[in-house]
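Structural description and commentary
Now for the letters of each chain:
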Amino acid sequence: MNINEKIIVLLITLHMVAVSFFQDKAPAIVRNVSAEEFKKLMDSLPDEVVVDLRTAEEIKGGKVAGSTEIDFFGQGFEPAIAALDRNKVYLLYCAAGGRSGKTAELMAKMGFKNLYNMEGGFRQWQKLRMPVSKQ
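Residues numbered from 1 in each chain as written. Predicted model: local features only at pLDDT ≥ 70, side-chain atom pairs only at ≥ 80, totals over all residues. Heavy atoms only, no water.

Topic: the overall build of the protein chain
We apply this condition: Numbering goes from the N terminus for both helices and strands, where a helix is a DSSP run of H or I of at least four residues and a strand is a run of E of at least two. Only protein chains enter the calculation, and the probe is 1.4 Å; a residue is then buried if its accessible area is under 20% of its type maximum, exposed if over 50%, and partly exposed in between. We get accessible surface area from the Shrake-Rupley algorithm with a probe of 1.4 Å; when it comes to residues, only the shown protein chains can shield them.
If you tally the helices and strands in the protein chain, you get six helices and five strands. Out of the 135 residues in the protein chain, the part that is buried amounts to 38%. Total accessible area on the protein chain stands at roughly 7,900 Å², and carbon and sulfur atoms take up 57% of it.

In structure tokens, the structure reads:
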């Protein structure tokens, strides 16, 4: 990473800290839900955003239809999360639930209020034979 990239990352981090500090202090609640509950939420909520936090390599095997891809390990991860609308409902998943759980915690600290984390992640989704999009 060159000096300009480091400065950009530092500025984004400082911005996120400032936004978090000045956000409404009402605590956000992260709801951990099963794959079945996740699917019901997808079917019943009008404007939810489903976010796949896996790598591009992992996604090659399929994903939840309509999900937005944000690579948890990617260089643009935090800026992509910071750019999201804090007023929307987010349904988060990864391979097994770890990355999505950490992302939900980060988003809650950033002022997002409506967060759902799929327990067991995409592995559980596949195990239950839920619909998978191959792109």
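A few points about the environment of L45
For L45, the position within the fold is in the loop between α2 (35–44) and β2 (49–52). In this structure L45 comes out as partly exposed when scored by relative accessible area, which is 24%. The sequence separation of L45 and V89 amounts to 44 residues, and the corresponding C-alpha distance is 8.4 Å.

A word on the sheet that holds β2
Inclusion rule: Whether two strands pair depends on DSSP finding at least two bridges between them. Whether two residues touch is decided by their heavy atoms; if any such pair falls within 4.5 Å, the residues are in contact. The convention used is that axes are lines fitted to C-alpha atoms, helices contributing only their stretch in contact, and that angles between N-to-C directions extend from 0 to 180 degrees.
The parallel open sheet is built from five strands, whose spatial order is β1-β5-β4-β2-β3. Taken across any chain shown, the strands that pair with only one partner, and hence form the sheet edges, are β1 (29–33) and β3 (68–69). In this structure, β2 lies alongside β3, joined through two bridges in parallel fashion. Within the sheet, the bridge partner assigned to D52 lies in β3 and is E69. Its contacts with the sheet place α2 against β1, β2, β4 (89–93) and β5 (114–118), and it is angled at close to 145° to β4.

Considering the pattern of salt bridges
Just so we agree on the cut-off: For this document, the term salt bridge refers to a Lys or Arg side-chain nitrogen within 4 Å of an Asp or Glu carboxyl oxygen.
Tallied over the full model, the rule gives five salt bridges. For the salt bridge of D52 with R54, the shortest nitrogen-to-oxygen distance reads 2.8 Å. Exposure class is identical for D52 and R54. Each is buried. We note a salt bridge from K60 to E57, for which the minimum N-O separation is 3.1 Å. For the pair shown, K60 and E57 are each scored as exposed.

Notes on the nonpolar core
Using the following cut-off: Here, nonpolar core refers to any group of buried Ala, Val, Leu, Ile, Met, Phe, Trp, Tyr and Cys residues whose side-chain atoms link them within 4.5 Å.
In this structure, I81, Y90, M107 and F112 are the most contacted members of the largest nonpolar core, which totals 16 residues. In terms of residue count, helix α4 (residues 77–82) provides more of this core than any other element does, three residues in total. Once residues within four sequence positions are removed from consideration, I81 is found in contact with I70, T103, M107, M110 and F112. Core analysis: the second largest hydrophobic core is formed by 15 residues, V33, F38, V64 and F122 among them.

What about the environment of I70?
Along the chain, I70 turns up in the loop between β3 and α4. Apart from the residues lying within four places of it in its own chain, the contact partners of I70 are V51, D52, L53, R54, F77, A80, I81 and L84.

As for the packing of aromatic side chains
For clarity, the cut-off: Planes of paired rings set the category: under 30 degrees apart is stacked, over 60 is edge-to-face and the rest tilted, where pairs are Phe, Tyr or Trp rings (Trp by its six-membered ring) whose centres lie within 6.5 Å. For a ring to carry a charge above it, either NZ of a lysine or CZ of an arginine must fall within 6 Å of the ring centroid while also lying within 35 degrees of the normal to the ring plane.
Under the criterion given, the structure shown has six aromatic pairs. Look at F38 and W125: their rings are 6.0 Å apart centre to centre, the planes differ by 85°, and that puts the pair in the edge-to-face class. Here W125 lies in helix α6 (residues 121–127) and F38 lies in helix α2, a separation of 87 residues in the sequence. Take W125: its relative accessible area is 1%, and that puts it in the buried class. Site record: aromatic cluster; members linked through ring pairs are F38, Y93, F122 and W125. The ring of F122 carries R54 above its face, with NZ or CZ at 4.1 Å from the centroid.

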